[in-house]
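Results of the structural survey
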Amino acid sequence: MKKYAWVIVISAVFLFCIQCQSQDNSHRLSGPTVTVDYEMAEKAIDWLEYLKDEPDPGKIRKYFMAEVAPTKGCQAIIHHWQRFRDWDEEIFLNFILEALNRIPTDKPIKSGDGSRPAFGLRQSFWLQALNNTERLREDLKRLKEARVREAALDLAGKYLPGDADISNHFYVVLFGASSAFSVGEENGYDLLQLPKRPNGEIDVQNVIETFAHEMHHSGFSHCTDKHMSEVKNKERIMLAGILAGEGMPTHFINRVRENLQLMKSSSSEFSMRLASEWEHNLSRLPELYQEAEKDIRLNMKGEIGQKEIFEKWVSGLQGPAYVLGSDMFSVMEKYLGLEETKTVARDYRLLLSAYNRAAEKARMAGENLFLFDNSLVRELEKFSGDY
């Protein structure tokens with residue numbers, strides 16, 4: 001059984017692109033423009049080793065500001081949290097030094113129920129890093145030797161049209177807070193929290209699949225930018241876009257549904273909780289199809305928008321949109337084949353019509369699958385956003 005891939009809970013890259021597809025795309029280059037940058041992690045490990053033997057707080061700060069703070073990975077962390085709070089290089093340094101017990105803090109390590117709050121987790125990550133810098137270097141070496149960029153590009157490219165342009169910048173960092181984050185085309189991954197095997201080594205294949213999932217979003221968005229350039233008011237077809245944009249990589253790359261039993265038996269609390277959410281949503285698939293039919297129609301009429309869609313379809317570890325979208329693409333792959341299914345990545349207004357064609361074939365084969373109302377299928381297919 002293929003190992004379950006650790007996927008980002010909500011893919012900010014894709015959700016951002018769904019909302020902003022009318023923007024100018026002149027910055028894109030022909031062919032994939034993907035980088036995987038390890039500099040921040042490397043410099044931060046060097047800094048940790050320097051810190052072990054340096055008692056002078058001023059020198060420790062000076063080293064960090066000169067070597068770690070200017071790296072693109074560190075700047076991606078700054079950009080990430082500046083969206084939510086007061087945040088800069090100095091605040092980030094204090095954030096780390098608190099966790100390393102180098103400056104005082106009154107933040108609790110444990111909650112009243114014995115669980116670890118955010119600071120307790122951050123402290124455990126950074127103290128483990130300080131005491132295991134050689135393991136961190138080995139982890140980076142394994143990622144580089146595995147040629148993660150090339151492997152992820154190959155995997156993402158299998159499930160995109162041939163004219164897809166992939167543009168992503170991946171930064172492997174030391175953070176201790178968000179395990180993964182996206183700001184535009186900047187994608188950060190915390191080396192301290194990447195998925196591990198039972199022996200403690202990084203699960204490289206898992207990382208490759210996570211990177212491929214994000215690359216797929218980039219290629220998907222480029223295709224829809226190109227082939228849906230005349231469509232206005234795309235927020236009115238947001239739900240269809242999310243079902244397509246998240247359903248494709250979740251089904252083709254991560255294969256979550258196939259790995260539910262493995263996830264349920266995992267020692268990872270995250271995997272077990274995610275498996276539980278998937279099982280719950282899979283148990284109500286007929287209801288989700290009916291709800292999607294209703295909400296796609298309401299979305300096109302402008303009666304529901306981003307807030308309602310995100311709360312209902314995307315919230316949680318992986319909301320119902322991931323599960324329903326993945327199921328729709330499993331039907332399309334089985335009854336239409338991969339090449340025809342990939343056309344949805346050019347124009348997600350075709351999602352319902354492609355699914356219905358596949359479901360009709362499934363019905364002829366004896367399966368009792370949901371069919372979307374034909375008038376809704378035609379309305380979505382012809383949506384121009386002019387009204």
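This one's a predicted model, so the numbers in the text were calculated from it and none came from an experiment. (Residues numbered from 1 in each chain as written. Predicted model: local features only at pLDDT ≥ 70, side-chain atom pairs only at ≥ 80, totals over all residues. Heavy atoms only, no water.)

Examining the overall build of the protein
The condition that has to hold: Secondary structure follows DSSP: runs of H or I at least 4 residues long count as helices, runs of E at least 2 residues long count as strands, and numbering of each begins at the N terminus. Accessibility here uses a 1.4 Å probe with only protein chains present; expressed as a share of the type maximum, an area under 20% marks a residue as buried, one over 50% as exposed, and anything in between as partly exposed. Contacts are residue-level and defined by heavy atoms, with any inter-residue pair within 4.5 Å sufficient. Each accessible area is a Shrake-Rupley estimate made with a 1.4 Å probe; only the visible protein chains count as cover when residues are assessed.
Tallying secondary structure elements over the protein gives 18 helices and four strands in all. When the 387 residues of the protein are sorted by exposure, 53% land in the buried category. In the protein, of all internal contacts separated by at least 6 residues, the share reaching a separation of at least 24 is 74%. Looking at the protein as shown, the accessible area adds up to about 16,900 Å², and 50% of this sits on carbon and sulfur atoms.

Points about the confidence of the model for the protein
Convention followed: On a range of 0 to 100, pLDDT expresses the predictor's confidence in each residue.
Residues of the protein with pLDDT of at least 70 account for 89%, and the chain-wide mean is 88. Counting interchain partners and residues more than four positions distant, the pLDDT-below-50 stretch residues 1–30 has 94 contacts.

A short note on unusual backbone geometry
Among all residues except glycine, the phi angle is most often negative; among peptide bonds, the trans geometry is most common. Within the chain, Asn101 stands out as a residue other than glycine whose phi angle is a positive 60°. For Asn101, the position within the fold is in the loop between α5 (89–99) and α6 (118–131). A positive phi angle is found at Asn233, which is not glycine, with a value near 50°. Here Asn233 is to be found in the loop between α9 (204–227) and α10 (238–254).

Examining the sheet that holds strand β1 (residues 33–37)
Rule in force here: Note on pairing: two strands pair once DSSP finds at least 2 bridges between them. Angular values range over 0 to 180 degrees, each being the angle between N-to-C directions of two axes fitted as lines to C-alpha atoms, with helices fitted over their stretch in contact.
What the four strands build is an open sheet, ordered β1-β2-β4-β3; its pairing is mixed. Lying at the two open borders of the sheet, with one neighbouring strand each, are β1 and β3 (180–183). For this sheet, the mean angle separating the axes of adjacent strands, direction not counted, is 15°. Here β3 runs beside strand β4 (residues 186–190); their pairing, made up of four bridges, is antiparallel. Each bridged residue has a counterpart across the sheet, and for Phe181 the counterpart in β4 is Gly188. Its contacts with the sheet put helix α4 (residues 72–82) on β1, β2 (167–173), β3 and β4, and the angle it makes with β3 is roughly 80°. Against the sheet, α9 touches β1, β2, β3 and β4, its axis set at about 150° to β2.

Some words on α5
Of the residues making up α5, those classed as buried are Phe92, Leu93, Phe95, Ile96, Leu97, Glu98 and Ala99. Contact partners of the buried residues in α5: α2 (39–53), α3 (57–68), α4 and α6. Within two residues after α5, Asn101 carries a phi angle of roughly 60°, on the positive side.

Remarks on the packing of helix α13 (residues 285–301) against helix α15 (residues 320–336)
Any two packed helices are characterised by the angle at which their axes cross and by the distance between the axes. The cut-off we apply is this: The scheme is simple: roughly parallel for angles under 35 degrees, roughly antiparallel for over 145, roughly perpendicular for 65 to 115, oblique for anything else.
In the contact formed by α13 and α15, the axes pass within 10 Å of each other and the chain directions differ by 95°. Taken as axis vectors, α13 and α15 run roughly perpendicular relative to one another. Packed against α13, whose contacting residues are Leu285, Leu288, Tyr289 and Ala292, the element α15 presents Pro320, Leu324, Asp327 and Met328 at the interface.

Remarks on the packing of aromatic side chains
Inclusion rule: Stacked, edge-to-face and tilted labels apply to pairs of Phe, Tyr and Trp rings (six-membered ring for Trp) whose centres lie within 6.5 Å, assigned for plane angles under 30 degrees, over 60, and everything in between, in that order. Charge over a ring is defined by NZ of Lys or CZ of Arg lying within 6 Å of the ring centre and within 35 degrees of the ring normal.
Enumeration over the complete set of coordinates arrives at 23 aromatic pairs. Their ring planes at 85° and their centres at 5.8 Å tell us that Phe92 and Phe175 sit as a pair that is edge-to-face. Of this pair, Phe92 sits in helix α5 while Phe175 sits in the loop between β2 and β3; the two residues are 83 residues apart in sequence, bridging distant segments of the chain. Judged by relative accessible area, which is 0%, Phe92 ranks as buried. These aromatic residues form a ring-pair network of at least three members: Trp47, Phe64, Trp81, Trp87, Phe92, Phe95, Phe175 and Phe181. Positioned above the aromatic ring of Phe95 is the side chain of Arg122, whose terminal nitrogen or guanidinium carbon lies 3.7 Å from the ring centre.

Here we look at the pairing of β1
For β1, the buried fraction is high: four of the five residues fall into the buried class. Sheet topology note: the β1/β2 ladder contains five bridges and is parallel. Pairing of Val36 across the sheet is with Phe170, part of β2.

Points about the environment of Ser265
One can find Ser265 in the loop between α11 (260–264) and α12 (269–283). Residues Ser265 and Ala275, 10 residues apart in the sequence, show an inter-C-alpha distance of 9.6 Å.

Topic: the pattern of salt bridges
This is how the line gets drawn: A pair is scored as a salt bridge if a Lys or Arg side-chain nitrogen falls within 4 Å of a carboxyl oxygen belonging to Asp or Glu.
The final tally for this structure, using the stated rule, is 26 salt bridges. Put simply, Glu49 and Arg137 hold a salt bridge, and the shortest N to O gap is 2.9 Å. Of this pair, Glu49 sits in helix α2 while Arg137 sits in helix α7 (residues 133–145), placing them 88 residues apart in sequence. Look at Arg137 and you get partly exposed, because its relative accessible area is 28%. Between Glu150 and Arg149 there is a salt bridge whose closest N-O contact spans 3.7 Å. The partly exposed category is assigned to Arg149, whose relative accessible area is 27%. Shared partners join several salt bridges into a network, and the residues in it are Glu291, Lys294, Asp295 and Lys312.

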